[in-house]
Amino acid sequence: MASEQGTERKLFARNRSATSNLMKARGFLSLPGELRNRIYDYYFEEDFRIEVAAKGTRLMYRVPKFMKLCLGIVNKATVYMHQERLQETTPRTLRMPRRLGRYKRIDGIVTDWSTSLCALVLVCKKVYYEAILFLYQNPTFVFAAPRRILNFLEFVQEDALGFIKKLQLHYNTYGSPFQAKDDTWASKHLCTWTTACKAASKKLVNLQKLEIWLKVNENPLCFDLRREWLKPLLQFRRLGNHKKAVADKETFPAREIHNHKRLRDVKVHFRTYWTGPQHFPQISELADASSDLHHLFAEAIVLAILGSSEEEAMSGFKKAWEGKYSRWRHHLNYSATGW
C-alpha cells in the first residue's frame, strides 16, 4: 500500500501546471504585427540603393555642362532676378565591395552597427523573419559586373531573391578589338554577361522595376535589336513576355504565385561615343537628330524587353530614320542607308 502511494505521489509530482511558463513579449515585440510592419517599412527606405560593386567603381555619370552668357553683361538695362536651383536629393547608398561567401571577423568589428542597414535583422530570429521581406523588397540593388551578379545569386537564399523588386544594371560592352587575337576576350565578356542576366531573369521572379545604363563601345555603330551586345538584356524578356512566363511556370511549379507580377517598369539609358551635342558643334540639327535617334532606339530596347516583337519595337525608330531624319542617314549610318 505504501509503495502504491509513493508511486502515486511521483506521478502527480511530474504533472505540469496549467499556466504557461513562457516569457511574455515586452517592448518592441509586444506591439501589434501591423504596427511592426509599418516600422519595418519606414526603416528600409524605398529609395535606398545597395551597390554590389568593387571599390572605386563609378556608377553615376556626369551631365555635360555648357557655358551660358548673361545678357546683363552686354546690356546693363537688363536685370534678372536671382533664382536658386533646387538640388536633387541623392538616395542613400550602401556599397558592398567584398564578395559574398568570404567573411572575416575583422569586418564585423569595423562595421558601424548603429547605422548599418542589416543591424535590425540580426536582433533575433523573430525580427529576422519579419523584416527580411523589407530588406530585399524596398531597396534598389545595383550591379556593374557579371561576376558580382552570379556571386550574389549564388549565396543569397532563393526565397530572399524572390522578394527583390528593383534592379539596376550598368552594362558596358567590350567594344571592337583592334587585333584579331583579342576577339576571345570580347566573346568571354559577352558570354559572362549573358549568363549573369539569364540567371538573374530566372531567379528574380518578382522583379517589377528594371533600370539599365547601357554604354555601347562598338564601331561601326548599328542600331539593331539583333546585335550581339543586346543578348544579355534580352534575357529579361522571360519576365515580360507571357509565353516565357508560362514556360517557366511549367518548369518551376513552386514559383506559380509570382507569375502574375510580371516586369512592367523598364528604363534604358543608352549611350555611345556619339551621345551628346559636343560631337556635332557646327550642325545643331544633326546633333538633335543623333540624340533623338539614340532615345528612340532606347525605347525600342524597352519594348523588346517587355515582350514586343522586333517590328513593333523598332517601328518608332524606323519611322524617324526613314522620314524625319532621312536627310542625315548618310552622315550618321546608324541603320540601313539604302546603298
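Residues numbered from 1 in each chain as written. Predicted model: local features only at pLDDT ≥ 70, side-chain atom pairs only at ≥ 80, totals over all residues. Heavy atoms only, no water.

As annotated in an unreviewed UniProt entry, the protein carries the name DUF7730 domain-containing protein and is attributed to Lojkania enalia.

As a further point, take the overall build of the protein. Helix and strand counts for the protein come out as 15 helices and six strands. Looking at the protein as a whole, 34% of its 339 residues qualify as buried. Taking all contacts inside the protein whose residues are at least 6 apart in sequence as the whole, residues at least 24 apart take part in 76%. Summing over all exposed atoms, the protein offers an accessible surface of approximately 23,700 Å²; the carbon and sulfur share of this is 54%. (Helix = DSSP H or I, 4+ residues; strand = E, 2+ residues; numbered from the N terminus. Buried < 20%, exposed > 50% of the residue type's maximum accessible area, 1.4 Å probe, protein only. Contact = heavy atoms within 4.5 Å. Areas by Shrake-Rupley, 256 points an atom, 1.4 Å probe, with all protein chains shown as cover.)

Reading across the sheet, the six strands line up as β2-β1-β3-β4-β5-β6 and stay open at both edges, with parallel pairing between neighbours. Every interior strand has two partners, whereas the edge strands, β2 (93-95) and β6 (265-271), have only one. When strand polarity is set aside, the average angle formed by the axes of neighbouring strands in this sheet is 15°. Relative to strand β5 (residues 209-215), strand β4 (residues 166-172) runs parallel, the two sharing seven bridges. Residue pairing for β5: Y171 is matched across the bridge by L214. Across the sheet, helix α6 (residues 146-155) lies against β1 (49-52), β3 (140-143) and β4, angled at about 135° from β3, the strand it touches most. (Pairing = 2+ DSSP bridges. Axes fitted to C-alpha atoms, helices over the stretch in contact; angles between N-to-C directions.)

Below, the discussion takes up the nonpolar core. Generally speaking, nonpolar side chains in soluble globular proteins are found buried as a group. Within the largest apolar cluster, 72 residues are counted, with the highest numbers of intra-cluster contacts made by F152, L214, F236 and F297. Examining the composition of this core, we find that 12 residues originate from one element, helix α12 (residues 284-305), more than from any other. Every residue in contact with F152, bar those within four places of it in the chain, is listed here: V52, L100, Y136, F141, F143, L161 and I164. (Core = buried A, V, L, I, M, F, W, Y, C linked by side-chain atoms within 4.5 Å.)

Within the fold, T140 resides in strand β3. A residue is classified by how much of its surface remains accessible, and T140, at 15% relative accessible area, is buried. In this structure T140 touches F48, R49, I50, K166, L167 and Q168, once residues within four positions along its chain are discounted.

Time to look at the packing of α12 against helix α14 (residues 315-324). Two elements in contact, α12 and α14, have axes whose closest approach is 8 Å; the angle formed by their N-to-C orientations is 155°. With respect to each other, α12 and α14 are oriented roughly antiparallel. Counting all contacts with α12, which are made through D292, L293, L296 and F297, the residues of α14 involved are G316, F317, A320, W321 and K324. (Parallel < 35°, antiparallel > 145°, perpendicular 65-115°, else oblique.)

Turning to the environment of R264, a few remarks are in order. Its location among the elements puts R264 in the loop between α11 (242-251) and β6. For the pair R264 and L239, spaced 25 residues apart in sequence, the C-alpha to C-alpha distance is 8.7 Å. Beyond its immediate chain neighbours, meaning those up to four positions away, R264 contacts Q208 and L306.

The subject of this paragraph is unusual backbone geometry. A cis geometry characterises the amide bond from N219 onward to P220, with omega recorded as 5°. With respect to the helices, strands and loops of the structure, P220 is situated in the loop between β5 and α9 (231-234). Residue N333 is not a glycine yet carries a positive backbone phi of 55°. Here N333 is to be found in the segment after α15 (329-332). For N333, a relative accessible area of 41% translates into the label partly exposed.

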